[in-house]
Amino acid sequence: MAVNLTDLSLPQLEGLKTQLDQEVEFLTSSIGQLKVVQTKFVEAKDSMNVMNQKNKGKELLVPLTSSMYVPGSLNDVENVLVDVGTGYYVEKNVEDSKQFFKRKIDFLTKQIEKIQPALQEKHGMKQAVIEVMNVKIQQLQQNQQSAPMIGPAKA
């Protein structure tokens, strides 16, 4: 059911604008979160490039926390443990791991592409509401200025 914005009162328009602001904020946040996860998968996929025979036995730092590392060496360059979600890890060979990350990246790209049009539509609706609000405010101001003063006149 379509509603003509010009038929809404100023408080109704303000309520609609607030709702649209919240929806725009939610969609923007969702896209941001998807992009963060997508970046992690891209980095994981790119890191698979060091998994080759010439790097076998090389020294590296193994993260224990985000700020603490221990020395280690790369012994198995053919298999990795992949976090597949909810604390589950699966051993995969390097090529399968790259394909897994590629599928995840593609999935997230499609999700972002689905949300983008909705976000643009909400932005457009919000702009339309703001324009109608501005017109109504100008009309109110003009009506107040052109209305004759009621009450005793002061000299």
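Everything below is about the structure shown above.
Since we're looking at a predicted model, the values are computed, not measured.

Engineer: What am I meant to see in a nonpolar patch on the surface here?
Structural biologist: A contiguous nonpolar patch, built from Leu 60, Val 62, Leu 64, Met 68 and Val 70 and spanning about 380 Å² of accessible area, is present on the exposed surface. Secondary-structure elements contributing two or more residues to the nonpolar patch are β1 (59-65) and β2 (68-73). Sorting elements by how many residues they give to the nonpolar patch places β1 first, with 3 residues. Structurally, Leu 64 can be placed in strand β1. For Leu 64, a relative accessible area of 54% puts it in the exposed group.

Engineer: For this particular structure, what's the right way to read the side chain of Ser 97?
Structural biologist: Mapped onto the elements, Ser 97 comes out in helix α2 (residues 94-146). Ser 97 has contacts with Met 48, Val 80, Val 82 and Lys 92, leaving out every residue within four places of it along the chain.

Engineer: Explain the nonpolar core to me, please; I cannot follow it from the model alone.
Structural biologist: Generally speaking, a soluble globular protein has its nonpolar side chains buried in company with each other. Met 48, Met 51 and Phe 101 are the most contacted members of the largest nonpolar core, which has 19 residues in total. For this core, the elements supplying multiple residues, two or more each, are α1 (10-47), β3 (79-85) and α2. Tallying contributions element by element places α2 first for this core, with 8 residues. Setting aside chain neighbours within four positions, we find Met 51 in contact with Leu 74, Asp 76, Val 77, Asn 79, Val 80 and Val 94.

Each value, and the rule that gives it
- The residue count restarts for each chain, going from 1 along the sequence in the order it is written.
- Since the coordinates come from a predicted model, pLDDT governs what is reported: local features require at least 70, and pairs of side-chain atoms require 80 or more to be given and counted, while whole-chain, interface and lining totals use all residues.
- Based on all heavy atoms of the structure, the side-chain values leave hydrogens and waters out of the count.
- A residue counts toward a patch only above 30% relative accessible area and without a salt bridge, and it is joined to like-charged neighbours within 9 Å or, for Val, Leu, Ile, Met, Phe, Trp and Tyr, to nonpolar neighbours within 5 Å.
- Surface accessibility follows the Shrake-Rupley procedure with a 1.4 Å probe radius. Residue values consider only the protein chains on display as shielding.
- A pairing counts as a salt bridge when a side-chain nitrogen of Lys or Arg comes within 4 Å of a carboxyl oxygen of Asp or Glu.
- Numbering goes from the N terminus for both helices and strands, where a helix is a DSSP run of H or I of at least four residues and a strand is a run of E of at least two.
- For every residue, the accessible area obtained with a 1.4 Å probe (protein chains only) is divided by the maximum for its type, and the residue is called buried under 20%, exposed over 50%, and partly exposed between those limits.
- By the convention used here, residues are in contact when the closest approach between their heavy atoms is within 4.5 Å.
- Nonpolar core, defined: a set of buried Ala, Val, Leu, Ile, Met, Phe, Trp, Tyr and Cys residues in which side-chain atoms within 4.5 Å join the residues together.

In short, the description is geometric, and any link to function would need to be established separately.
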